[in-house]
Amino acid sequence: VTTLAIIEDDDRIRETLGRALRARGYTLLMASTGLAGLAVAVEQQPDAVVLDLGLPDIDGLELLRMIRAVSRVPLIAATARDDEADIVRTLDAGADDYVVKPYSAEQLEARVRAVLRRTSPSTADRMIVGALVIDPSARTAALDGDELELAPKEFDLLAYLAARVGQVVPRRELLAEVWADPYGTSDKSIDVHLSWLRTKLGETARDPRYLRVVRGVGVKLVAPS
Ligand code: CA
């Protein structure tokens, strides 16, 4: 099931879209203000966000930047004007795609599908890091051909790092994307899960192979040399 967050202050558009998208099997999270939308987009982990740029309480581009500061959730901006400069600013601010109002539910859904194809780890191919093979669609990981028994969070953490192999992923990003807790209240749980994951990967903090902690910055997954 795909969950979409719709941030839109126009009641009629929300109702029309809601009806059309629910009929197509989507689960919807609705917000009619920017602040409510920010909370929904960040805390409820929708698969994608549709953001109306003309909101009553916050400038839409500002909200887009706020969401992007803590989340990489696929985001489609809905703009009122077919204005080149507006669209460029929107994409530069981190939108994955845009629709120009008035748009149909069909067009929006096609764009959602396209954005999810490009960004969703659930549709990504297997990832191979050294002797580690991670299959996001099957939610399995194997090391040297042996399947690892990972708890859901451990798998999420491993898959998130594997999709960004070699890059140091900041703790704040892990908290926002893997733990859905961008405010950093459970920083310790990253350490705990890393330590469990390490054990399952047959390594220790003293003698790391795949998981490298960069103190004060974040964590990266690497192929052992
Ligand atoms: Ca509006």
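Residues numbered from 1 in each chain as written. Predicted model: local features only at pLDDT ≥ 70, side-chain atom pairs only at ≥ 80, totals over all residues. Heavy atoms only, no water.

1. Regarding the sheet that holds strand β3 (residues 48-52)
And step 1. The parallel open sheet is built from five strands, whose spatial order is β2-β1-β3-β4-β5. Edge positions in the open sheet fall to β2 (27-31) and β5 (97-100), since each of these has one partner strand only. Averaged over all adjacent pairs, the angle separating strand axes in this sheet is 20°, with direction ignored.
And step 2. Pairing analysis gives five bridges linking strand β1 (residues 3-7) to β2, with the strands arranged parallel. Residue pairing for β2: L4 is matched across the bridge by L28.
And step 3. Across the face of the sheet, helix α1 (residues 11-23) comes into contact with β1 and β2 while running at roughly 170° to β2.
And step 4. Lying over the sheet, helix α5 (residues 105-119) contacts β1, β3, β4 (75-79) and β5, oriented at roughly 175° with respect to β5. (Pairing = 2+ DSSP bridges. Helix = DSSP H or I, 4+ residues; strand = E, 2+ residues; numbered from the N terminus. Axes fitted to C-alpha atoms, helices over the stretch in contact; angles between N-to-C directions. Contact = heavy atoms within 4.5 Å.)

2. Topic: the packing of helix α6 (residues 152-162) against helix α8 (residues 187-200)
And step 1. Where α6 meets α8, the axes come as close as 10 Å, and the angle between the chain directions of the two elements is 85°. Taken as axis vectors, α6 and α8 run roughly perpendicular relative to one another. From α6, K153, E154, L157 and L158 reach across to α8, where they touch H193, L194, W196, L197 and K200.
And step 2. Classifying every residue of the contact of α6 with α8 by side-chain character gives five nonpolar, one polar and three charged. (Parallel < 35°, antiparallel > 145°, perpendicular 65-115°, else oblique. Nonpolar A, V, L, I, M, F, W, Y, C, P; charged D, E, K, R; others polar.)

3. Let's talk about unusual backbone geometry
And step 1. Cis rather than trans, the peptide bond between K101 and P102 has omega equal to -5°.
And step 2. Its location among the elements puts P102 in the loop between β5 and α5.
And step 3. Here Q45, not a glycine, exhibits a phi torsion of approximately 45°, which is positive.
And step 4. Positionally, Q45 belongs in the loop between α2 (34-43) and β3.

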